[in-house]
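Chain by chain, the residues run as shown.
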Amino acid sequence: MKHYLYFSFLLICISINAQTNASTKVSEVDTIFSPKLTGETFIEKKGYKGEQFFYKDWAESDILLSTGEMVYGEKLKYNGLLDEVIWANTSINQQFKLDKLYVSEFWLKNAPSAIIHFKRINVGEPTGVHRSDIFVEIGVEGKVSLYIQRKISIVGEENIYLNGTQYILESIGAMPLYYIKLPSNRYLMISKIRRKALLKLFPEQKKAIIKLMRANHLDFKSEGDFIKVIDLLNKEVF
Amino acid sequence: MILLKKTFILLVVQLVALTCCNINAQVTASEAAYLQTDRTAYIAGESVFYKLYVLDAITKKRSEISKVAYVLLRAANSNPFLKIRVKIDSCTASGSFELPDTLASGVYQIVAFTMAMKNFGEQRFFHKEIVISNRFDKDLDFKLMNSNSIDSNKNKLHNIGCEIKTNKTVYGLREKVVVSMGKTNSKANVSVSVFEDPKILSTDKSIVETLNGLLVAQPDKHAINKYLPENNGKILRGRVIDATTQKNISAATVLLSCTDTIPNLQYASTNSNGLFQILLSDYYNGKELFLTIKDMPANQHWKIEIEDEFALSEKWSPSLIFDNGNSNGFIVKSQNIVYINKSYQLNNDLIDKPISENKSICPQLYHCSVSTVLPSDFVPLNDFPEIAVELLPLVRINKENGKYNAHVIIGSPVVSNNNHPAIFLDGVYVDDINKIIGLGSEQIKKIDMLNTERIFGDLVFQGVISIISKSNEIVNTTPASYSLRLKNDIINTGGNFVAVNPNSIQNKDIPFFKQLLYWNPNLELNGTNSTNFEFYTSDNTAKFIIKVEGISEDGTPISASSSIQVNNQINVTDK
């Protein structure tokens, strides 16, 4: 009995040692020499009522850089108010706003639902004068693609009186914008999910779209339905 | 008690499994190399065509680990005089290098290795001896390899993994030769050489012999984990030491940059042995590298030392004896052929390889918009402090105790205690601000500025000042004692061999003598049918060896050889 216990303990120790040593050197190299992230110091602006991040907790994330290189396992948050990616550098314990033009795509991996895939697209501003880079969540990608900008906007103000002083708290909330990329590579933006707006975008496919929605019992009132419709359009219409 | 027994058995099984995992992990980077050259005897000044195979030393299959290999050439008891770095693609690399025409006649050694092989000691490296004769050496009293160290069966023709067939065995001058390579087990990539039999005893080994002769080497205990496999490019290795005490300096940050129109940076921290390693992508090929130590403490005498990746611990001391004269005839003939070809300017065996698209990535310091100042748009200013006062309102240049300091007024929140901006001149991190102080409007083309607290990996800078000079002023600066400048080598590709069709030569009176009739480093065998290739004989009447080396997709080494005789047809007919 004693011997078995002794040998078992010995084997456990050896096993742990074996596991520690079994390192794959090739992957080590990739980690050591992974590209360096660039950006500037970020300090969160306080005084808002509501959440300015798409997902408030730091998410273990992978990043595809504009150089084509990948960076794995960094802690990221997407700030919908600024439309910027915030990086927690755990080595020096500071937060940084990553250079937008350096980030092509990123994957928030431990967000509550599943892996959320964002990418940077270049779209015309609503004024129609300038073009700008924005980060969008990928809804569907195909001949027709649907991208969702997880925009967080100021939706109102709240006045609070304390000791005779008035404090103004800005209320912020999610105001997603939907970008549809047409086969001609043109982007069209919709701010509200409306069946009419979609049918207006595809006048030639109007009948087919209505048929599809009926056949799949899609009432086109939720974001999920919007994604399903675009997905079906790619599969059955385009 | 039964439960305990079961647990014990389970633990034993687990231990065995984990030990296997451990062995596998250790041998991941266990590689072996084989290098085939077009010939084994050359005249100084000729090109050596090569094909390098990098294989897994355990499985003998293609190794997908190393992407860089090193090839060097050395004479007995001397340091390497020819060093080339090659890029490995699908476990192979091919190209050529030119032998210096001043080489003395003698036996030389080619050594080929990868960094991963260094962990197993130099005995794992590939070694091969070649004979080089000087074109003007008429005495030919040089030593050759001791015939006792040569296996007498070595020069026998053999076929392993594939068979070679020719349409004839005896050919006339300038006649087409068709060679058929038999079926192989699976698809294979082989290198083929057809060269004149040098009649010199050779230590040349086939790929099969090399792989079979591999020792089951254990990693060098002192070297294990020392050399990382270069699976993405060359790794620059160096040390930071105290120049006075020669002690290793740990936790020092070494910065690397090179001249460019955009500031670029890479860095590494030294470990407890003072060692740092920086991955050099293709971007750095052929560039001058500027290395320095960040935040160098005052009154310290640190310096950077770079490891020579080609350094070998032991010199090559072969057993050589004076040649008994058998090889003299061949060498004199070779000298004459080279002499004739040079006289008629017929050295057209080489064509440059097409330059592949350079996909190198510059490690930029920032990827955002900057504010730019062009001093030429303003009244000429004498030096940088004047430019800062007049044109750069967010830059402060102070002079304290005879030393200049630069500060950038940061327009956003600051978190770090470091108050130094990153200053770059012509893309290079400046180790001393005094190097830019003397630059005025005459010298400066452009100044880019960032007045935010910047991050690059784990390095934080209080703003960025990037100066681009009109005439690459960084080259004229002297590196600080703790900085280093060195030239990074270029990946060797060499030229491709061109087989000439003698029938295309219009003037039939021009001599056409070749000792190398055919060289193809990448002949693909499809595994199901035989593969043919063809070439032409020259005016050189001799016995020619057809040598094929390679590896199939399933990891079977292929080694085959055959021979043909080239005679003067008139003489044959006469007989």
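None of the values given here were measured: they were computed from a predicted structure.

## Details of the overall build of chain A
Right, so step 1: Helix and strand counts for chain A come out as 5 helices and 14 strands.
Right, so step 2: Going through the 238 residues of chain A one by one, you find that 23% of them count as buried.
Right, so step 3: For chain A, long-range pairs separated by at least 24 residues make up 51% of all intrachain contacts whose partners lie at least 6 apart in sequence.

## A word on the environment of Val548(B)
All names here are of chain B.
Right, so step 1: Locating Val 548 in the fold gives a position in strand β34 (residues 542–552).
Right, so step 2: The class for Val 548 is buried, based on 29 C-beta atoms found within 10 Å.
Right, so step 3: Residues Val 548 and Ala 560 lie 12 residues apart in sequence; the distance between their C-alpha atoms is 5.1 Å.
Right, so step 4: Ignoring sequence-local partners within four residues, the contact set of Val 548 consists of Cys 162, Ile 164, Met 181, Val 190, Val 192, Ile 558, Ala 560 and Ser 561.

## Looking at unusual backbone geometry
All names here are of chain B.
Right, so step 1: Even without glycine at this site, Asn 77 takes up a positive phi of about 55 degrees.
Right, so step 2: Mapping Asn 77 onto the fold places it in the loop between β4 (68–75) and β5 (82–87).
Right, so step 3: Phi is positive for Ser 90, close to 50 degrees, though the residue is something other than glycine.
Right, so step 4: Following the sequence through the fold, Ser 90 ends up in the loop between β5 and β6 (92–98).
Right, so step 5: Accessibility expressed as a C-beta count within 10 Å gives 10 for Ser 90, which makes it exposed.

## Describing the sheet that holds strand β30 (residues 484–487) of chain B
Residue and element names in this part refer to chain B.
Right, so step 1: Strand order in the open sheet formed by 4 strands is β17-β16-β19-β30, and the pairing between neighbours is antiparallel. For this open sheet the edge positions go to β17 (266–269) and β30, each flanked by a neighbour on one side alone. The average angle at which neighbouring strand axes cross in this sheet is 25 degrees, direction not considered.
Right, so step 2: With 4 bridges joining them, strand β19 (residues 288–293) and β30 adopt antiparallel strand pairing. Following the sheet pairing, Phe 290 is matched in β30 by Arg 485.

## Description of helix α4 (residues 328–343) of chain B
All names here are of chain B.
Right, so step 1: For α4, spanning 16 residues, the distance from its first C-alpha to its last is 22 Å, which sits close to the expected 22 Å at 1.5 Å a residue.
Right, so step 2: Taken together, the buried positions of α4 are Ile 331, Ser 334, Gln 335, Ile 337, Val 338 and Asn 341. The arc enclosing the buried residues of α4, seen along the axis, measures out at 160 degrees, which places them on a common side. Looking at α4, the residues exposed on the side facing more than 90 degrees away from the buried face are Gly 329 and Ser 343.
Right, so step 3: Along its buried surface, α4 packs onto β2 (41–43) and β8 (126–133).
Right, so step 4: Phi turns positive, to about 50 degrees, at Gln 345, one or two residues after α4.

## Here's the deal with the sheet that holds strand β3 (residues 47–56) of chain B
All names here are of chain B.
Right, so step 1: Pairing within the open sheet is antiparallel, and its 3 strands lie in the order β1-β3-β6. For this open sheet the edge positions go to β1 (31–37) and β6, each flanked by a neighbour on one side alone. Looking at each pair of strands side by side, their axes are set apart by 25 degrees on average, direction ignored.
Right, so step 2: Bridging between β1 and β3 involves 7 bridges; their strand directions are antiparallel. Within the sheet, the bridge partner assigned to Leu 35 lies in β3 and is Leu 52.

## Observations regarding the domain arrangement of chain A
Residues and elements named next belong to chain A.
Right, so step 1: If you check the domain split of chain A, you get domain 1 (31–191) and domain 2 (193–238).
Right, so step 2: The gap between the C-alpha centroids of domain 1 and domain 2 is 27 Å.
Right, so step 3: Across the boundary between the two partners, domain 1 contributes 11 residues, which contact 9 residues of domain 2.
Right, so step 4: Counting residues per element, the ones that place at least two in the side of domain 1 that touches domain 2 are β9 (131–140), β13 (177–181) and β14 (187–190).
Right, so step 5: Residues that form the side of domain 1 that touches domain 2 fall into these classes: 8 nonpolar, 2 polar and 1 charged.

## Overview of the domain arrangement of chain B
By a frequent convention, interface size equals the accessible area lost on bringing the separate parts together.
Right, so step 1: Domain assignment breaks chain B into domain 1 (27–219 + 312–352 + 494–574) and domain 2 (371–476).
Right, so step 2: On a C-alpha basis, the centres of domain 1 of chain B and domain 2 of chain B stand 56 Å from each other.

## Observations concerning the packing of helix α4 (residues 206–215) of chain A against helix α5 (residues 223–237) of chain A
The relative placement of two packed helices comes down to the angle between their axes together with the axis-to-axis distance.
Residues and elements named next belong to chain A.
Right, so step 1: Relative orientation of the contacting elements α4 and α5 amounts to 115 degrees, with a least axis distance of 10 Å. Regarding α4 and α5, the two cross each other, and that crossing is right-handed. Facing Ala 208, Ile 209, Leu 212 and Met 213 of α4, the residues of α5 in contact are Val 229, Leu 232, Leu 233, Glu 236 and Val 237.

## Some remarks on the nonpolar core
Residue and element names in this part refer to chain B.
Right, so step 1: Within the largest apolar cluster, 163 residues are counted, with the highest numbers of intra-cluster contacts made by Ala 33, Leu 52, Ala 69, Val 71, Ala 112 and Val 254.
Right, so step 2: Top contributing element to this core by residue count: β3, with 7 residues.
Right, so step 3: Among residues more than four places away in sequence, those in contact with Val 254 are Val 240, Tyr 267, Ala 268, Thr 270, Phe 276, Leu 291, Ile 293 and Ile 304.

## Some remarks on α5(A)
Residues and elements named next belong to chain A.
Right, so step 1: The first and last C-alpha atoms of α5 sit 20 Å apart over 15 residues, in line with the 21 Å expected at 1.5 Å per residue.
Right, so step 2: Inspection of α5 places Phe 226, Val 229, Ile 230 and Leu 233 among the buried residues, and these make up the whole buried set. Buried residues along α5 cover an arc of 95 degrees about the axis, so they all sit on one side. Along α5, exposed side chains directed more than 90 degrees from the buried face belong to Gly 224 and Lys 235.
Right, so step 3: In this fold, the buried residues of α5 make contact with β9, β10 (145–149), β13 and α4.

## So, the environment of Pro35(A)
Residue and element names in this part refer to chain A.
Right, so step 1: Summarising the element assignment, Pro 35 is placed in the loop between α2 (25–32) and β1 (38–41).
Right, so step 2: According to the C-beta neighbour criterion, Pro 35 is partly exposed, with 19 such atoms within 10 Å.
Right, so step 3: Taking the C-alpha atoms as reference points, Pro 35 and Phe 53, separated by 18 residues in sequence, lie 26 Å from one another.

What counts, and where the lines are drawn
- Residues numbered from 1 in each chain as written.
- Chains lettered and ligands numbered in written order.
- Predicted model: local features only at pLDDT ≥ 70, side-chain atom pairs only at ≥ 80, totals over all residues.
- Helix = DSSP H or I, 4+ residues; strand = E, 2+ residues; numbered from the N terminus.
- Buried ≥ 20, exposed ≤ 12 C-beta atoms within 10 Å, placed from the backbone.
- Contact = placed C-beta atoms within 7 Å.
- Pairing = 2+ DSSP bridges.
- Axes fitted to C-alpha atoms, helices over the stretch in contact; angles between N-to-C directions.
- Expected span 1.5 Å × (residues − 1).
- Arc of directions from axis to C-beta.
- Domains from an automatic or database assignment.
- Nonpolar A, V, L, I, M, F, W, Y, C, P; charged D, E, K, R; others polar.
- Left-handed = near helix turned anticlockwise from the far one by under 90°.
- Core = buried A, V, L, I, M, F, W, Y, C linked by C-beta atoms within 7 Å.

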